[in-house]
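Structural characterization, general
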Amino acid sequence: MKWIKALFLGKGRTVPGTARFSFPIRIFSILCFALLFVWPTLRLVALGFTSEKGLTLANYQKILHDPYTWRVVWNTMMISVGSTAIAFVLGLFFAWMVAYVNIRGKKWMQVFIVLPFVIPSYITTLAWTQLFSENGLVARALALLSIQGHPWNLYSYTGMIFILGLTHYPLVYLFTVNVLRQIPREMEQACRASGGSKVTTFFRVTLPMALPGIVSGTFLAFLASLDNFGIPAFLGIPAHISVLSTHIYQQIIGFGPDAFASASVFSVLLGGLALLGMLCQWLFQRRMKATETSVADREPRYFPARMPKVLVESGIWLFFLVTACIPFAAMMITSLLPAYGLEFTLQHLSLQNYRFVLLESPDTQMAIRNSLRLAAVTTVIGAVIGTFFAYLQIRRPSRLLKISELFIGLPYALPGTVMALSMIFVWMEPIPGWNPGIYGSTLILFIAYFTRFLILQVRGSTTAVLQVDVSMEEAAQVSGASWWQKWRKILIPLLLPGILNGAGLVFLTALTELTVSALLYSAQSKTISVVIFSYEQAGYTTYSTAFSSLIIILLIIGFAGLSMIHFFWKRKVGVHHVDLH
Amino acid sequence: MSICIKEVGRTFGAFTALDKINLIVEDGEFLAILGPSGCGKTTLLRLLAGFDAPTAGTIEMDGRIVGSPRHSLPPEQRNIGMVFQSFALWPHMNVRKHIEFSLLHHQYVRTALKKEYKQRTDEVLRMIKLQHFADRMPAELSGGQKQRVALGRAIAPQPKLLLMDEPLSSLDAELRIAMRGELQDIHRLTGATIIYVTHDQSEALAMADRMVVMNRGTVEQIGTPKEIYMHPKTDFVARFVGKANLIKGTWTGKTFSPDEAPDSRWPDPGVSELLKKQAVYPARPEQLALSRASSGIPATVTNVQYQGKEIHYTVRTNGGIWRVDTDLSQNYDMGDSVFLKLKSTYDLSAEM
């Protein structure tokens, strides 16, 4: 019992006089956490070792001896490494440009850079396939220029690598740009003053100092590629190229005799790869000394002459035009054609696909309703619990909370297919012989979304709590405010921007989530992503493009709305003036 | 409010932040708690505010136990106001809202005051000279103005105890001096007991009725500023408050002979028994003098700092390095050989 007590009390630090939670509540909450966040993973691993005869290694022996298994692993690694390389180059380039170089329009550039976070990757994939389709814009352009040859076949290794890379470079960018801004410019000036050239300065000072950020972002891009389901599902499945995430999915929906046991083994392989990636990142980060936390310096440091500056700027905007505008235009064009493959002329234009999607198909309406409801409920409950958790963890740190955070992070760190599979195993029969009917209902999707995305809210809220100095609360207390008055009048107003950041991310992610949903949906609980995916699989490309275009328009409206709120909030409160000392 | 602190201790794991503190604060007193960083003064203040509870001993306010290891009255139920080092202004509220917040929430506000809270807010705004800045947000205020808002918020509900945690340390030097006067005015106007934590001995000396010097979680000395400055009880107080040089030597009754100048005889202006036992003489820089005449402790000038109204010398003798402040008439250069002695106004041996 001693270790349990030690767990609850943290580093022998007691805070007398403040309300503490009673022992039963602690036990109850830790059980809830374990059941929701840890138990599913354990069940999944255990399943791989069981058969009708009891404990066995047979599943592993069979699968590990199958050459096809190693083919799938090889595909997964090759595609992930390749796409990470693209993400690394693009992310580093944009981070350096935005952080250091005196170019115009950075605000808008950043909007375009984070676009892949807002637009789900399967919609991006759909858009690109329309651009390169047999009748797409590229084919049309080739014909117009009388160039022999076919447009690039995206249903291939290179296609997957390319689109995964484009989808994940913002991860490298975001991590790097923050670190670059935090390197004090005096560090570089000191190198120049000691006789180092610009190139020496970059390689001997800037790069080593930015390495923690670059490495974090790159590993995350790698993990995201391992995890991604939408892109290999849309491009790989038709081309019969399997990676681990799509292979697990196909095993499950194939419903073979030992589909679950075999899927479990593949999940352990995929989960193992992901954990290995995380371990590498952790080891690497531990060796690096944390850079002194200094204030982000947003002023440019390199001032190119007029001509190179214009050249770089046009290059960047051309990149955005080609990667972020033209594919989506191609998708819109397909969605406006009454039949796939028709030539794009004014006479052919029609809104009949949109009419079908919005008014006639019962599936799409239900999907929009389902996704909105799921996302909203997940966001609201997550915002309350996540913020409360973040607050406790910062104001009253204990070992229990530290371990709980690991639990909460687990479902998000594990690849989505693995996570979904473990949810199936647990909720089909939480206790042997008892099926509460959660699997196959909307509830399992809600539980899956909640456990998977809670960590996003916790991180958003943690950042918010860290920015509010504890003296803000103490000042309210000595002014006589009760617990509730303190939260209502001081904490919530101050935390709101951060909470909303986290909540917005949770909402957007949940609204268009595909990986988990594709394995957990039922006839009554189809989501937006599932409907688009099934249209595409059934060959209804005009419907899937129309529905996707609608979603994109919805997302853009939502995103613009949020930015407006943020903008006005900032103007009113001056969030950047929050006292940090 | 009168406060009685009995045998109070606070430990954090193996670290003892406060050890057996005993202190009585009279109603209406301005008490400064002075000490270097990490001496436990802020911990003591947080115990008084109720943000933390002692692990030993009791704290009484007006005869009622508010803090003990078993029970701690939360801050919002104590009749206190507090000014924070960082000011702790809420970035989403304007100046007026800050003052109103404590008027509306404080649990000891007189009903008459609460009813007329708008008038009281105006009155406080006038007191802190911010009546024309009532609608400004904290981000639009200067350091001194922020400081006054924090002060206004603390005094508006007329608490009987005002706690101040290094309230002037975030301000620049000139403003710091100017604000001292304002704090003294506030003390006179409100009549509240003030407990003021600082690491700046000149602030404590200038404002406090009494001061407490703390070091390593214990009280070194309690007394009026004059007592503490003129008659330090311990070597720590002598060095920390008076910047005294502790010169080694021999005490014979009421006279002192430095080891390095056995012929000199320095008088006893009231040196504490403890220091006498340690065989040292606490000589503040302004009590020492330099001369070229060969009497006193032989020394070499190692540093000269011209201050305008006086000159600060650092000299080295065989026994150590000492600081001597002299008037402008005394001019020595670096490397000069001089003799260190007690200033004649203090020295008895000159008369003998």
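Residues numbered from 1 in each chain as written. Chains lettered and ligands numbered in written order. Predicted model: local features only at pLDDT ≥ 70, side-chain atom pairs only at ≥ 80, totals over all residues.

- Chain B carries the name ABC transporter ATP-binding protein in an unreviewed UniProt entry, which gives Sporolactobacillus mangiferae as its organism.

- An unreviewed UniProt entry lists chain A under the name Iron ABC transporter permease, with Sporolactobacillus mangiferae given as the organism.

Some remarks on the overall build of chain A
- Scanning chain A for helices and strands turns up 24 helices and two strands.
- In terms of overall dimensions, chain A is globule-like: its C-alpha atoms have a radius of gyration of 26 Å, near the 25 Å expected for 581 residues.
- Viewed in the frame of its principal axes, chain A has a C-alpha envelope of about 80 × 75 × 50 Å.
- Per-residue burial over chain A gives 40% buried out of 581 residues.
- Taking all contacts inside chain A whose residues are at least 6 apart in sequence as the whole, residues at least 24 apart take part in 79%. (Helix = DSSP H or I, 4+ residues; strand = E, 2+ residues; numbered from the N terminus. Rg over C-alpha atoms; globule rule 2.2 N^0.38 Å. Buried ≥ 20, exposed ≤ 12 C-beta atoms within 10 Å, placed from the backbone. Contact = placed C-beta atoms within 7 Å.)

Notes on helix H2 (residues 23-47) of chain A
- With 25 residues, H2 of chain A should cover 36 Å at 1.5 Å per step; its first-to-last C-alpha distance of 34 Å lies within 8% of that length.
- Along H2 of chain A, the sharpest change in direction is near 45° and occurs at valine 38 of chain A; proline proline 40 of chain A comes one to four residues later. (Expected span 1.5 Å × (residues − 1). Bend = angle between axes of the 7 residues up to and from the residue.)

Some remarks on the interface of chain A and chain B
- Each partner contributes residues to the interface: chain A has 26 residues there, and chain B has 30 residues.
- Sorting the residues of the side of chain A that touches chain B by element identifies helix H20 (470-478) and helix H21 (483-511) of chain A as the ones contributing at least two each.
- Take the side of chain A that touches chain B: its biggest share by element is six residues, from H20 of chain A.
- Of the residues in the side of chain A that touches chain B, the class split is ten nonpolar, eleven polar and five charged. (Nonpolar A, V, L, I, M, F, W, Y, C, P; charged D, E, K, R; others polar.)

A few points about the pairing of strand E19 (residues 337-342) of chain B
Residue and element names in this part refer to chain B.
- Two elements, strand E15 (residues 288-291) and E19, share four bridges in a ladder whose sense is antiparallel. Its bridge partner lying in E19, alanine 289 is registered against lysine 341.
- In the sheet, strand E16 (residues 297-306) pairs with E19 via four bridges, with the strands oriented antiparallel. Residue pairing in the sheet places proline 298 in a bridge with phenylalanine 339 of E19. (Pairing = 2+ DSSP bridges.)

Digging into the domain arrangement of chain A
Residue and element names in this part refer to chain A.
- According to the domain assignment, chain A consists of domain 1 (19-43 + 351-581) and domain 2 (66-317).
- Summarising the inter-unit geometry, the C-alpha centres of domain 1 and domain 2 are found 24 Å apart.
- Tallying contributions element by element places helix H24 (residues 541-573) first for the side of domain 1 that touches domain 2, with seven residues.
- The class makeup of the residues in the side of domain 1 that touches domain 2 is 15 nonpolar, eight polar and one charged. (Domains from an automatic or database assignment.)

Let's talk about the packing of helix H6 (residues 121-131) of chain A against helix H11 (residues 230-239) of chain A
Residues and elements named next belong to chain A.
- Axis separation between H6 and H11 bottoms out at 7 Å; the angle between their running directions is 35°. As H6 runs across H11, the sense of the crossing is right-handed. Mapping the contact onto sequence places Ser121, Tyr122, Thr125 and Leu126 in H6 and Gly230, Ile231, Phe234 and Leu235 in H11.
- A breakdown of the residues in the contact of H6 with H11 according to their chemical character gives five nonpolar, three polar and no charged. (Axes fitted to C-alpha atoms, helices over the stretch in contact; angles between N-to-C directions. Left-handed = near helix turned anticlockwise from the far one by under 90°.)

A few points about the UniProt feature "domain: ABC transmembrane type-1" (unreviewed entry) in chain A
- Those places that UniProt annotates as "domain: ABC transmembrane type-1" (unreviewed entry) correspond, in this numbering, to residues 73-277 and 368-564 of chain A.
- Helix makes up 82% of residues 368-564 of chain A and strand 0%, with an end-to-end C-alpha separation of 24 Å. (UniProt positions renumbered as here; feature names shortened; annotations may be inferred.)

Considerations on the domain arrangement of chain B
- Examined at the domain level, chain B breaks down into domain 1 (3-228) and domain 2 (243-342).
- Its C-alpha centre places domain 1 of chain B at a distance of 39 Å from the equivalent point of domain 2 of chain B.

Section: the sheet that holds E19 of chain B
Residues and elements named next belong to chain B.
- Strands sit in the order E15-E19-E16-E17-E18 across an open sheet of five strands; the sheet is antiparallel. This sheet does not close on itself; its edge strands, each paired only once, are E15 and strand E18 (320-326). In this sheet, neighbouring strand axes are inclined to one another by 45° on average, regardless of whether the strands run parallel or antiparallel.
- Of the strand pairs in this sheet, E16 and strand E17 (residues 311-317) are connected by six bridges, and their pairing is antiparallel. Along E17, the bridge assignment pairs valine 301 with valine 315.

What about the nonpolar core?
- Among the nonpolar cores identified, the biggest contains 224 residues, and Leu520 of chain A together with Leu31, Leu163 and Tyr196 of chain B are the most heavily contacted of them.
- Broken down by element, the residue count for this core peaks at 14 residues, all from helix H8 (residues 157-182) of chain A.
- The residues contacting leucine 163 of chain B, other than those within four sequence positions of it, are Leu45, Leu48, Ala49, Ile80, Met82 and Ile195 of chain B. (Core = buried A, V, L, I, M, F, W, Y, C linked by C-beta atoms within 7 Å.)

Quick look at the UniProt feature "domain: ABC transporter" (unreviewed entry) in chain B
- Those residues carrying the UniProt feature "domain: ABC transporter" (unreviewed entry) are residues 3-241 of chain B in this numbering.
- Between the C-alpha atoms that bound residues 3-241 of chain B there is a distance of 25 Å. The span itself is 36% helix and 26% strand.

With respect to the sheet that holds strand E7 (residues 161-165) of chain B
Residues and elements named next belong to chain B.
- Across the sheet, six strands lie side by side as E6-E7-E8-E3-E9-E10; this open sheet has mixed pairing. Edge strands, defined here as strands with exactly one partner in the open sheet, are strand E6 (80-83) and strand E10 (218-223). The sheet shows a mean angle of 15° between the axes of neighbouring strands, direction not considered.
- As paired strands, E6 and E7 are joined by four bridges and run parallel to one another.

What about the environment of serine 404 of chain A?
- Mapping serine 404 of chain A onto the fold places it in helix H17 (residues 399-413).
- The buried category is assigned to serine 404 of chain A, around which 21 C-beta atoms lie within 10 Å.

Overview of the pairing of E17 of chain B
Residues and elements named next belong to chain B.
- In this antiparallel pair of consecutive strands, E16 and E17, the connection spans four residues, and glycine 308 shows a positive phi of 100°.
- Looking at chain direction, E17 and E18 are connected through seven bridges and run antiparallel. Counterpart to histidine 312 in the pairing with E18 is aspartate 325.
- The antiparallel pairing of E17 with E18 creates a hairpin that spans two residues between the two strands.

A few points about helix H12 (residues 244-254) of chain A
- All of the buried residues along H12 of chain A are Leu244, Ser245, Thr246, His247, Ile248, Tyr249 and Gln251 of chain A.
- Positive backbone phi, approximately 50°, marks phenylalanine 255 of chain A, located one or two places after H12 of chain A.

Structural notes on unusual backbone geometry
Residues and elements named next belong to chain B.
- Even without glycine at this site, glutamate 7 takes up a positive phi of about 50°.
- For glutamate 7, the position within the fold is in strand E1 (residues 3-12).
- Its identity as a non-glycine residue notwithstanding, glutamate 166 has a phi of 40°, on the positive side.
- Residue placement: glutamate 166 occurs in the loop between E7 and helix H6 (173-190).

Side note on the packing of helix H2 (residues 95-105) of chain B against helix H5 (residues 143-155) of chain B
Residues and elements named next belong to chain B.
- At a minimum axis separation of 7 Å, H2 and H5 run at an interaxial angle of 25°. In terms of axis orientation, H2 runs roughly parallel to H5. As H2 runs across H5, the sense of the crossing is right-handed. Facing Val95, His98, Ile99, Phe101 and Ser102 of H2, the residues of H5 in contact are Val149, Gly152 and Arg153.
- Counted by class, the contact of H2 with H5 contains four nonpolar, three polar and one charged residues. (Parallel < 35°, antiparallel > 145°, perpendicular 65-115°, else oblique.)

Let's talk about the environment of leucine 401 of chain A
Residues and elements named next belong to chain A.
- Its place among the elements puts leucine 401 in helix H17.
- Its 16 C-beta neighbours within 10 Å are what place leucine 401 among the partly exposed residues.
- Not counting residues within four places of it along the chain, the set of residues in contact with leucine 401 comprises Leu392 and Gln393.

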